[in-house]
Amino acid sequence: MKRVRRAALIAVVLGAPLLARAHLKTSYAGAGETLRTATTLVLIEAISPTRKTPEGAQTAVRTVAVVAGAAPDTFDMVQQGHHLHSLQAGDRVLAPLARSPAGRWRYVADTRDALHVERRTQRATLRFVARWRAAPAAPPAERLDDWIAGTTDPSPLARRVALEALTEHFDQLAPLLNGARLEQLAAPLVAPGGAEADEEIVVRLLGRLPEGRGAVWLARHFPHLSPHRLRHPAAAVIARHRAPSSRAALRRCADEAGGTLATRCLRLLARMGPAETP
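Enquirer: I would appreciate a short explanation of unusual backbone geometry in the present structure.
Expert: Phi is mostly negative for residues that are not glycine, and the peptide bonds are mostly trans. Here the bond from Ser226 into Pro227 is cis, since omega is 0 degrees, no more than 30 degrees from zero. Unlike most non-glycine residues, Glu211 shows phi in positive territory, near 60 degrees.

Enquirer: Which parts of the structure should I look at to understand the pairing of strand 4 (residues 74-80)?
Expert: Regular strands have side chains that alternate between both faces of the sheet. Summarising the sheet, strand 3 (residues 56-68) and strand 4 pair through seven bridges and their orientation is antiparallel. Along strand 4, the bridge assignment pairs Arg62 with Thr74. Between strand 3 and strand 4, which pair antiparallel one after the other, the connecting turn spans five residues, and Gly69 there sits at a positive phi close to 80 degrees. The sheet contact formed by strand 4 and strand 6 (residues 105-107) spans two bridges and is parallel.

Enquirer: How should the packing of aromatic side chains be read in this particular structure?
Expert: Each aromatic ring pair is characterised by the separation of its centres together with the angle its planes make. Following the criterion strictly, the structure yields two aromatic pairs and no others. With a centroid separation of 5.7 Å and an interplanar angle of 50 degrees, the aromatic rings of Phe75 and Trp105 are classed as tilted. In this pair, Phe75 is assigned in strand 4 and Trp105 in strand 6, connecting sequence segments 30 residues apart. With a centroid separation of 5.8 Å and 35 degrees between ring planes, the pair formed by Phe128 and Trp132 is classed as tilted.

Enquirer: Even after reading the chapter, I still don't get the environment of Leu205, so can you show me in this structure?
Expert: With respect to the helices, strands and loops of the structure, Leu205 is situated in helix 8 (residues 196-207). The sequence separation of Leu205 and Phe170 amounts to 35 residues, and the corresponding C-alpha distance is 7.7 Å. When sequence neighbours within four positions are dropped, the list of residues in contact with Leu205 reads Leu166, Thr167 and Phe170.

Enquirer: Help me out: how do you make sense of the state of the cysteines in this one?
Expert: Two cysteines joined by a covalent bond between their sulfur atoms form a disulfide. All told, the structure shown has one disulfide when counted by the stated rule. Cys253 shares a disulfide with Cys265; S-S distance 2.0 Å. One disulfide, between Cys253 and Cys265, carries an S-S torsion of 75 degrees and so falls in the right-handed class. Placement of Cys253 in helix 11 (residues 244-256) and of Cys265 in helix 12 (residues 259-272) is noted, with a sequence separation of 12 residues between them.

Enquirer: Sorry, what's going on with the packing of helix 8 against helix 10 (residues 231-239) here?
Expert: A packed helix pair is summarised by two numbers, namely the angle formed by the two axes and the spacing between the axes. Running from amino to carboxyl end, helix 8 crosses helix 10 at an angle of 0 degrees, the nearest separation of the two axes being 9 Å. Here helix 8 lies roughly parallel to helix 10, going by the angle between them. Within the contact between the two elements, helix 8 uses Glu200, Val203, Arg204 and Gly207 and helix 10 uses Pro233, Ala234 and Val237. In the contact of helix 8 with helix 10, the residues fall into four nonpolar, one polar and two charged.

Enquirer: How do you make sense of the pattern of salt bridges when you look at a structure like this?
Expert: As a working rule, side chains carrying opposite charge can pair if their charged atoms are close by. Under the defined criterion, the tally for this structure stands at 15 salt bridges. One salt bridge connects Arg104 with Glu55, and the closest N-O pair in it is separated by 2.8 Å. Taken as a pair, Arg104 in the loop between strand 5 (92-99) and strand 6 and Glu55 in the loop between strand 2 (51-53) and strand 3 lie far apart in primary sequence, 49 residues in all. Overall, the relative accessible area of 32% leaves Arg104 in the partly exposed class. With a closest N to O distance of 3.5 Å, Glu196 and Arg229 form a salt bridge. Of this pair, Glu196 sits in helix 8 while Arg229 is found in the loop between helix 9 (213-221) and helix 10, placing the two residues 33 residues apart along the sequence. Among the ionic contacts, a cluster of salt bridges with common partners joins Glu45, Arg62, Arg92 and Arg119.

Rules behind the numbers
Residues numbered from 1 in each chain as written. Predicted model: local features only at pLDDT ≥ 70, side-chain atom pairs only at ≥ 80, totals over all residues. Heavy atoms only, no water. Pairing = 2+ DSSP bridges. Helix = DSSP H or I, 4+ residues; strand = E, 2+ residues; numbered from the N terminus. Phe/Tyr/Trp six-rings, centres within 6.5 Å; stacked < 30°, edge-to-face > 60°. Contact = heavy atoms within 4.5 Å. Disulfide = S-S within 2.5 Å. Axes fitted to C-alpha atoms, helices over the stretch in contact; angles between N-to-C directions. Parallel < 35°, antiparallel > 145°, perpendicular 65-115°, else oblique. Nonpolar A, V, L, I, M, F, W, Y, C, P; charged D, E, K, R; others polar. Salt bridge = Lys/Arg side-chain N within 4 Å of Asp/Glu carboxyl O. Buried < 20%, exposed > 50% of the residue type's maximum accessible area, 1.4 Å probe, protein only.

Next comes the structure, spelled out in C-alpha cells:
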C-alpha cells in the first residue's frame, strides 16, 4: 500500500503526461546508457504474449538482428523482479541479455519502458545504435550538437535517447543553448507531423533555460506551435517570464484561441498580475 501511495505522489509531482507510464519504482536506467553498455544486445520479436510466472515473466521470442554478443534463433526470454515489460506477439524490442547459470536468457534492462523498435524505422534504429555504441566517451558539452540532432532522428528510440541525455545534463548545457542551437532544438515545435510527446519534452526544456530565453522563443512562435495541444504547456512556460512579449502572447491567445486554451491563457494572465509601469 505504501508503494502505491508513493507512486501516486510521484505521478502528481511529475505531471499527468507521465501518469500512464508510472511504475512502482522511482529509479530507472537511462536508455542511452543501457544501449551503450550491454554486452549482449539483440533485436528480438515476441512470438507470443508475455506470460506471468512465479519468478516474474517469460516471453517466447525470435532473434531478428544481433547488435552485440550472440543469441539463438529462438528462445524463451525471462524477466525477473518487480519491473516487468509486457510484450505482445509481433512486438520488436532491443533486449540487453545475460545468460543465467541455469542457461536461461535473462532480460536485464532496467529502463522505464522497453526499448521498442518500430518496423518502419528498424534500419534507422540499428544504424543509430551502432553509432551510439561506437561513439567515444566525451563530456556533455562535446555531445550537445549530436544530441540536438538526435531529437529529430527518424528513429523514435534515437529521439528518446537524445532527449534523455539533454534532460539529464540540461543544467550544465543550458548556457550553451542559445542562437543557432536554440533554434535547431526548438524548430520541430513549429513543424507539423512531429511526435507530440517528444515535443512536449522540448517545451519543458525551453522552460528551464535561464533568463527566459526559451519563454521568449515560445512567445514569438506561440500561434504556430503544432499540434494545438502543445500550446497548453507552452503557455505555462511563457507565463513564468514576466515580460511584455509574454503578456502580448497570452493576451492574443486569450482573445483569439477560443475554448479551453483561451481560458487557460486568461487565467495565466491574471496570475501574472498587472504589468509593471516604468
